[in-house]
Each structure stands twice: as structure tokens, then as C-alpha cells.
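# A look at the structure
Single-letter residue listing:
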Amino acid sequence: MKIVMVGTGYVGLVSGLCFAEFGFETLCVDKNQARLNGISKGVCPFFEPGLDDLLVKHLNLTKRFSLSNNLQESLKEANVVFITVGTPTKRLENEADLKAVHEVAKEIAENIINYCVVVIKSTVPVGTTRKIKEIISQKVSEDKFDIVSNPEFLSEGSAIKDFMRPDRVVIGTENKKSESIMQEIYNPLYLQETSIVLTTIESAEVIKYASNSFLATKISFINEVADLCETIGGNVLDVAKAMGLDKRIGEKFLHAGPGFGGSCFPKDVKAFSATAKKHDVELSIINAVNASNEARPIKIASRIKNRFNNKLEGIVIGILGLSFKPNTDDIRNSTSIIIANELYKSGAIIKCFDPYAMNNAKKVLPDLNYCNSVDEVCKGSSALIIATEWNEFKVFDLNKIKKLMKDPVIFDLRNIYNNEAVKDFGIEYHGVGQ
Ligand code: UDX
């Protein structure tokens, strides 16, 4: 069984290396030669815990993982071809941009020689997998390929675990032949009794968007409850804990904070709603989630500004964490970046630190002061914002922080610290929803 992944982005590279780990010969194809050069030296183009080790193992030791810039050649022996190219949100619309997916489909169509299964793993709007089938059918007879939807559920920071031990695998097919080939490549997961959901192509596409949108809804819901708690004197931590103990609700994704970010939730929520609108269906809940989340980091920044009577000119503010969540260097739709920009535009002098995301942040916010440590950020700051819950931000010496800061004020946007305990150190503490 030979597997080809088209696209060496986050999903393509993680999935390709995990299939190599399963024992399959895997080839990752990309047009970007500079990217391939880096990967072929054993360096991943982004930070994901454990991925560099997997890359070196399968590139150099098992040699089950290889790279190519030539899709035509790569397709010759492929049994399964995964399309894992990006589907960003279009600049002026809420729809996913399918240009890259369609281009790959056309190229596949021109080069299929032997039967293979074409799998759409990129997150695409409902109906796209059929559209890709149409594109390929224009050039290739239908006995030469089958089309499958197999959405990914990889979380950044825990992607390898998510692939190797998923809650479920979703496979949308049109016939038994492609279904059994897909079952074969996921066989190692069958052996560990993972739930494999075999369904139609359309259902598989909806499952992906409905899952992400539901999780996003949970986050926005608890964020709005946090706002209420702040005004009526409740504590969202207690509320979320008690809610989560109800097994029907579940404890996960009920952490109030600065809003959800990243490359998936904000984009998927918008695309889900846009697809529904095209079919004259209004997803009013999802629309509300999108609006609530877009407003959230701006609202948080306003609260911080209010603390300084909206006079930030010359005030030094420290920001810890720039990535959209811990264990990644990804700053796409990072609420930390949005908040940093808002405060900077209002005249604050921003000092910041992130263990991995600073190089990416410098590209979008070059005028911030990038520091080498938490201490450096704290020195002379009139407020410290904990924006991303990296582990190393969870064990501060609060006495030291107080001494280093000009004015000891902490905005803990991830509710890492205990309100009362911080106040005991003589530090002014602002959590979320407390
Ligand atoms: C998500 C999905 O979890 C994954 O299944 C999907 O395939 C891709 O999108 P990811 O974007 O990596 O993964 O991160 P995730 O851990 O889901 O967090 C998304 C955002 O929500 C982050 O900004 C995070 O800080 C925020 N979040 C998450 C909260 O604010 N509160 C929570 O309780 C959980």
C-alpha cells in the first residue's frame, strides 16, 4: 500500500508521518521546493511536539517517508492520494477558498494511470468532494478512481496523539471498494478499537464542520457566561466546573478566555455558515458564535484600557504568550496578537515573550518589544497580561514578579492563577469571569 499526501502543511505532514509510523510507505508532494528542502533536512516548517523526531525516524531510519515536487511521478504507484492543501477563508467573504484544492484535483485528473482512491482531508465545504469527483471525471473514467471524504480532527500541540489515538475516524465513501481500502490504511486503529464511522460523503463533510462549530459554540457560550459572572459577582470557574460534571455537557471546552483563535475554528465557523446560506439555510447559532468571538478580544482589550482610564500613551504593558494556544508557534487568528495590536494602537509600549511564536509574531507586529524572558517582560511594566497558557507561565514566583513590575497588575486571560492567592502577594488581579 502506497500513500501519497499532496501538501506538506500541518495536516499533510502530520498525517503523512503518522501513516509512515503505522508502517506504510508514504510520499509527501509539494510544489514549494524551499519547503521540501527544509523538510528533507529533518526540520519541520512549524513547531509541533514530537514531529521532528518522527520526521528524522522515517526519513533516515525506516525510509518509509519521502518527499517529491512531482505529482505526476508520485501518482504512478499510489494506492491512496490524500488532498491536504490549505483552504483559507477568502479575504472579503466568509467562504473557504478552494483554489488550491481544485488545482490539485485537476492535476490528479491529468495524471492518474492506475486505480487509486482520492481522499479529501482538507476541510472543505459540504459538496466540495462531489465537485472534485466531477473535475476528475472530466479526464478519467470512473473505474480508475474513487473519491472519499476523511476529515481531520488534529489539534495543534497534540496532533500526533490525536492521529494515533483519535476519538473517532470519519470515512465518507460511495462504495465498498474504497471503503475497504480506507479501512486497511486505518487498520492499526481498528486494532486499538477506535470508533470508525463509515458514512456518506456529505455526512462526513458535515461532521467536520458541525464538530468544530459545536466546540466553538461551547467556548463562546462560557465566555458570555463569564461576562455575566463578572457583572453579578459570580465565578465562571465554579459555574464551568459544575456544568462540566453533568456528563451530558462534559467539562471540555468550557474554559473562559479571550476567545477562540487558530487556523480552524474561526475559519470553519464562517465557512459552515456560508455554506448553509448558499443553500438558503440560516445557522443563526453559528452566526452568533462568530459575531461573539470576533468582538471578544476587542472587548478584553477595552477592559484593559479602562483600567488605565483609556490613557495608554507611554504605559508599559507586558504580554506573555503570542501563539493562539500553548505548544504551537502558530499565531493565526491569535487573540493575543489582536489584543497586543489594540493596546499598541492606543499608545502602550508593549513588551512581550513567547517560548516559540516570537519569530512569527515579529512578521505581523514588528514594532513590539520582543523580550528573551518573563523577567525581562515584567521589568518596569505597569500591567502583565497572561494571554496564552504555556506551562512555564503557570509557576511564577509572584514575589519576584511584584518586585520587577512598576505597578503590579495582572490580567490573567486564561484563569491560571487563583484570584485570592495573587491578591495576597499585593498584586492587583483580573481574571476572566471572576
Ligand atoms: C481545533 C479542533 O480541536 C480540532 O479537532 C480541529 O480539527 C482543528 O481545530 P486547534 O485549532 O488546534 O484544534 O485548537 P483547540 O485546542 O481546539 O483550540 C482552539 C481555540 O479555542 C484556541 O484559541 C483555544 O485557546 C480556544 N479554547 C479552547 C478556549 O478558549 N477555551 C476552551 O475551553 C478550549
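Residues numbered from 1 in each chain as written. Predicted model: local features only at pLDDT ≥ 70, side-chain atom pairs only at ≥ 80, totals over all residues. Heavy atoms only, no water.

To continue, consider unusual backbone geometry. The backbone of asparagine 309 shows a phi angle near 55°, a positive value even though the residue is not glycine. Position of asparagine 309 among the secondary structure elements: in the loop between helix 13 (284–307) and strand 9 (316–320). (Helix = DSSP H or I, 4+ residues; strand = E, 2+ residues; numbered from the N terminus.)

Core analysis: the largest hydrophobic core is formed by 57 residues, its most contacted members being Ile317, Ile319, Leu322, Leu343, Ile385 and Phe396. In contact with isoleucine 319, not counting residues within four places along its chain, are Ser336, Ala340, Ile350, Lys351, Cys352, Phe353, Val377, Ile385 and Ala387. Core analysis: the second largest hydrophobic core is formed by 39 residues, Cys18, Ala20, Cys28 and Ile196 among them. (Core = buried A, V, L, I, M, F, W, Y, C linked by side-chain atoms within 4.5 Å. Buried < 20%, exposed > 50% of the residue type's maximum accessible area, 1.4 Å probe, protein only. Contact = heavy atoms within 4.5 Å.)

In this section: the packing of helix 5 (residues 99–111) against helix 6 (residues 128–137). Helix packing geometry: the angle between the two helix axes and the distance between the axes. In contact at an axis separation of 8 Å, helix 5 and helix 6 are set at 35° when each is read in the N-to-C sense. Seen along the crossing, helix 5 lies across helix 6 with a hand that is right-handed. Here Val101, His102, Ala105, Lys106, Ile108 and Ala109 of helix 5 come into contact with helix 6, specifically with Lys131, Ile132, Ile135 and Ile136. Split by residue class, the contact of helix 5 with helix 6 holds 7 nonpolar, 1 polar and 2 charged. (Axes fitted to C-alpha atoms, helices over the stretch in contact; angles between N-to-C directions. Left-handed = near helix turned anticlockwise from the far one by under 90°. Nonpolar A, V, L, I, M, F, W, Y, C, P; charged D, E, K, R; others polar.)

Bringing the packing of helix 1 (residues 10–22) against helix 3 (residues 51–61) into the picture now. In the contact formed by helix 1 and helix 3, the axes pass within 10 Å of each other and the chain directions differ by 55°. Between helix 1 and helix 3, the interaxial angle falls into the category oblique. Classified by chirality, the crossing of helix 3 by helix 1 is left-handed. Judged by residue contacts, Val14, Leu17, Cys18, Ala20 and Glu21 of helix 1 engage Leu51, Leu54, Leu55, Lys57 and His58 from helix 3. (Parallel < 35°, antiparallel > 145°, perpendicular 65-115°, else oblique.)

According to the domain assignment, the protein chain consists of domain 1 (2–199) and domain 2 (238–430). When each unit is reduced to the centre of its C-alpha atoms, the spacing between domain 1 and domain 2 is 33 Å. On the domain 2 side, the residues contacting the 15 residues of domain 1 number 17 residues. Across the domain 1/domain 2 interface, buried area totals approximately 1,300 Å², and carbon plus sulfur atoms make up 53% of it. Contact with domain 2 buries surface across domain 1, with Phe47, Asn94 and Glu156 losing the most and accounting together for 49% of the total. (Domains from an automatic or database assignment. Buried area = accessible area lost by both parts, 1.4 Å probe.)

The next point concerns the pattern of salt bridges. Using the criterion set out here, one finds 27 salt bridges in the structure. Between glutamate 107 and lysine 31 there is a salt bridge; the shortest N-O distance is 3.5 Å. Placement of the pair is glutamate 107 in helix 5 and lysine 31 in the loop between strand 2 (25–29) and helix 2 (33–40), with a sequence separation of 76 residues. Of the charged contacts, one joins lysine 208 and glutamate 152 as a salt bridge, the two residues approaching to 3.2 Å between their closest N and O atoms. Taken as a pair, lysine 208 in helix 10 (residues 201–232) and glutamate 152 in the loop between strand 6 (145–149) and helix 7 (159–164) lie far apart in primary sequence, 56 residues in all. (Salt bridge = Lys/Arg side-chain N within 4 Å of Asp/Glu carboxyl O.)

Take helix 3 next. Within the span of helix 3, buried status applies to Leu51, Leu54, Leu55, His58 and Leu59. Taken end-on, helix 3 shows its buried residues confined to a sector of 115°, consistent with a single buried face. Turned more than 90 degrees off the buried face of helix 3, the exposed positions are Asp53 and Leu61. If you follow the buried residues of helix 3, they end up packed against helix 1, helix 2, strand 3 (65–68) and helix 7. (Arc of directions from axis to C-beta.)

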